[in-house]
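# Structure assessment
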Amino acid sequence: HVQVEQGIKAHWLPVVHPQDGRRGSIRFKLLELSGDARDVAICHSQVYPTAAFGYPRGMEDRLAQAVGPYAAGSSAQLRPSDPFWSTAVEEAAYEADWLVGAAEYLATAMDWRLFTTVYRPADAANHGCLAFMDPDLPFYGGADTEGATEILASAYGCVDRAIGRLMAMADGRTVIALASDHGAVVNHVTCDIYNLLVEQGLLALERDERGGYAVDWSRTKAYIRPTRSGSEVFVNLAGREPKGIVAPSEHEEVQRRIVEILLDWKEAQAGRRAVALALAKRDSALLGYWGEDAGDVQFIYNEGFVWGEVPPRQTIARTTIPSVNHGPQIPTAEKGLATNMGMLALWGPGIRPGYRREHELVGRLDLEVAHPH
């Protein structure tokens, strides 16, 4: 339901929103066509605006003329199970090239002094590929592992080429900073916190009218809020919660019990604790969790453990679906190819050459810097 205009960059179709007149662009790629032309697979980019997204106004047209329309993401996925993953790599390469081209144009034609951006395909490749590259998991070996290795190398190759181009265009006053917000670690064990709370008599469920389950608040002392993360537990406190049953005098005792249950939670096969750290709300303030919205108990899973669903009458089980996470697990989790820790690399004038932070001595922060010469 868009009007298609003629013009702009080759291979891109300009489009106009029929209601508010916003301008954007889209492109299509033929992925597959049968011999009789009856079966066809087509991929299209997301529609991104070509006007009124930048400041100062008018720079958008100049950017489009210099480097083409912006596009990010892909209908294909950076994972070996997607038969069209090479298209996702092409889209990742286009985005990286566009960002570098935009940096060059803004720094030269418009004399900008600061350029910052975010590039996410490497994160998508981690999620889609790392589980097939862990020799300790049943997903390792065969075509999926070969495909995952190629996809991951291709995604990171896009980053490498972009950094190389930025370094080549830098002058003697330019500093380049490469930072990640996190890494990723493969999931080995799935933990069902809901089943655990039910098993321990803290959460009660009842059948609803549609045949599913609903919380029986009259018998529930602790629960997980669907709108919050799965790593904090709330006490059904009387006077605070709409249907609270835990008296304020019992509040701390319920918190202590939840902490003990979480720290005693183990996987039978290896005997490892599922939870690395569990703290009552008062103690969680030391880690930055406080205020009315914070859970009564904060916890974080151990390396290789992740939130999810397991079969009925179980609380913990070996992961059966290849997956990778960085949110549920302790940030220092590290195994094989990957770590959850972020990194920072600096390059340019005034940067100490060849320095690498010794995190075992001065605290855990992966930091590497180098001088261009």
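The text that follows walks through the structure, step by step, so that each part is easy to find.

Criteria and thresholds
Along each chain, residue indices are assigned from 1 in the same order as the chain's sequence is written. With pLDDT at 70 or above as the cut-off, local features in this predicted model cover only qualifying residues; side-chain atom pairs require 80 or more to be listed or tallied, and sums for whole chains, interfaces and linings still use all residues. As a rule here, side-chain values cover all heavy atoms of the structure and leave hydrogens and water aside. Pairing between two strands is assigned when DSSP locates at least 2 bridges connecting them. Helix and strand assignments come from DSSP, with helices taken as H or I runs of at least 4 residues and strands as E runs of at least 2, each series counted from the N terminus. Throughout, a residue-residue contact means that at least one pair of heavy atoms, one from each residue, lies within 4.5 Å. For helices, the axis comes from a line fit to the C-alpha atoms of the stretch in contact; other axes are also lines fit to C-alpha atoms, and the angle between any two N-to-C directions lies between 0 and 180 degrees. Take the buried Ala, Val, Leu, Ile, Met, Phe, Trp, Tyr and Cys residues and link them wherever side-chain atoms come within 4.5 Å; each set so joined is a nonpolar core. Burial here depends on accessible area, computed with a 1.4 Å probe over protein chains only, as a share of the maximum for the residue type. Under 20% is buried, over 50% is exposed, and the range in between is partly exposed. Between rings of Phe, Tyr and Trp, where Trp is taken as its six-membered ring, a pair exists when centres lie within 6.5 Å; planes separated by under 30 degrees are stacked, by over 60 edge-to-face, and by other angles tilted. Each ring is checked for a lysine NZ or an arginine CZ that lies within 6 Å of its centre and within 35 degrees of its normal; such an atom marks a charge sitting over the ring.

As summarised here, the arrangement of the four strands in space is β12-β13-β15-β14, forming an open sheet in which the pairing is antiparallel. Because the sheet does not close on itself, it has two edges, and the strands there are β12 (222-223) and β14 (275-280). The pairing of β12 with strand β13 (residues 232-235) spans two bridges and is antiparallel. Bridge pairing in β13 places Tyr-223 opposite Phe-234. Lying over the sheet, helix α6 (residues 251-264) contacts β12, β13, β14 and β15 (297-301), oriented at roughly 175° with respect to β14.

Considering soluble globular proteins, one finds that nonpolar side chains tend to be buried as a cluster. Membership of the largest hydrophobic core comes to 29 residues, with the highest contact counts inside it found for Ile-193, Ile-258, Leu-262 and Trp-265. At the level of secondary structure, the elements contributing two or more residues to this core comprise β9 (189-191), α5 (193-199), β12, β13, α6, β14 and β15. The dominant element in this core, judged by the number of residues it contributes, is α6, at five residues. Excluding residues that lie within four positions of it along the chain, Ile-258 makes contacts with Leu-202, Ala-222, Val-233, Val-235 and Val-297. By size, the runner-up hydrophobic cluster in this structure holds 21 residues, among which are Ala-76, Ala-148, Leu-152 and Val-324.

Let us look at the packing of aromatic side chains. Considering all chains together, one arrives at eight aromatic pairs under this definition. Centroid distance Trp-265 to Tyr-301: 6.2 Å. Interplanar angle 55°. Geometry classified as tilted. Separated by 36 residues along the polypeptide, Trp-265 in the loop between α6 and β14 and Tyr-301 in strand β15 bring together distant segments of the chain. The pair Trp-265 / Tyr-301 is uniform in exposure class, with both members buried. Grouped by ring-pair contacts, the aromatic residues Tyr-48, Tyr-70 and Trp-98 constitute a single cluster. When the ring centre of Tyr-94 is taken as reference, the NZ or CZ atom of Arg-27 above it lies at 4.5 Å.

What follows covers the sheet that holds strand β17 (residues 316-318). Overall, mixed pairing links the three strands, which are arranged β16-β9-β17 in an open sheet. Single-partner strands in this sheet number two, and they are β16 (305-307) and β17. Looking at each pair of strands side by side, their axes are set apart by 30° on average, direction ignored. As defined by bridge partners, β9 adjoins β17 across three bridges and the pair is classed as antiparallel. Across the sheet, Cys-191 pairs through a bridge with Ile-316, a residue of β17.

The next point concerns the environment of Met-110. Within the secondary structure, Met-110 sits in the loop between α2 (85-108) and α3 (121-129). Residue Met-110 is classed as buried on the basis of its relative accessible area, which comes to 19%. In this structure the C-alpha to C-alpha distance between Met-110 and Met-59, which are 51 residues apart in sequence, comes to 9.2 Å. Filtering out sequence-adjacent residues up to four positions away, Met-110 remains in contact with Met-59, Arg-62 and Tyr-105.

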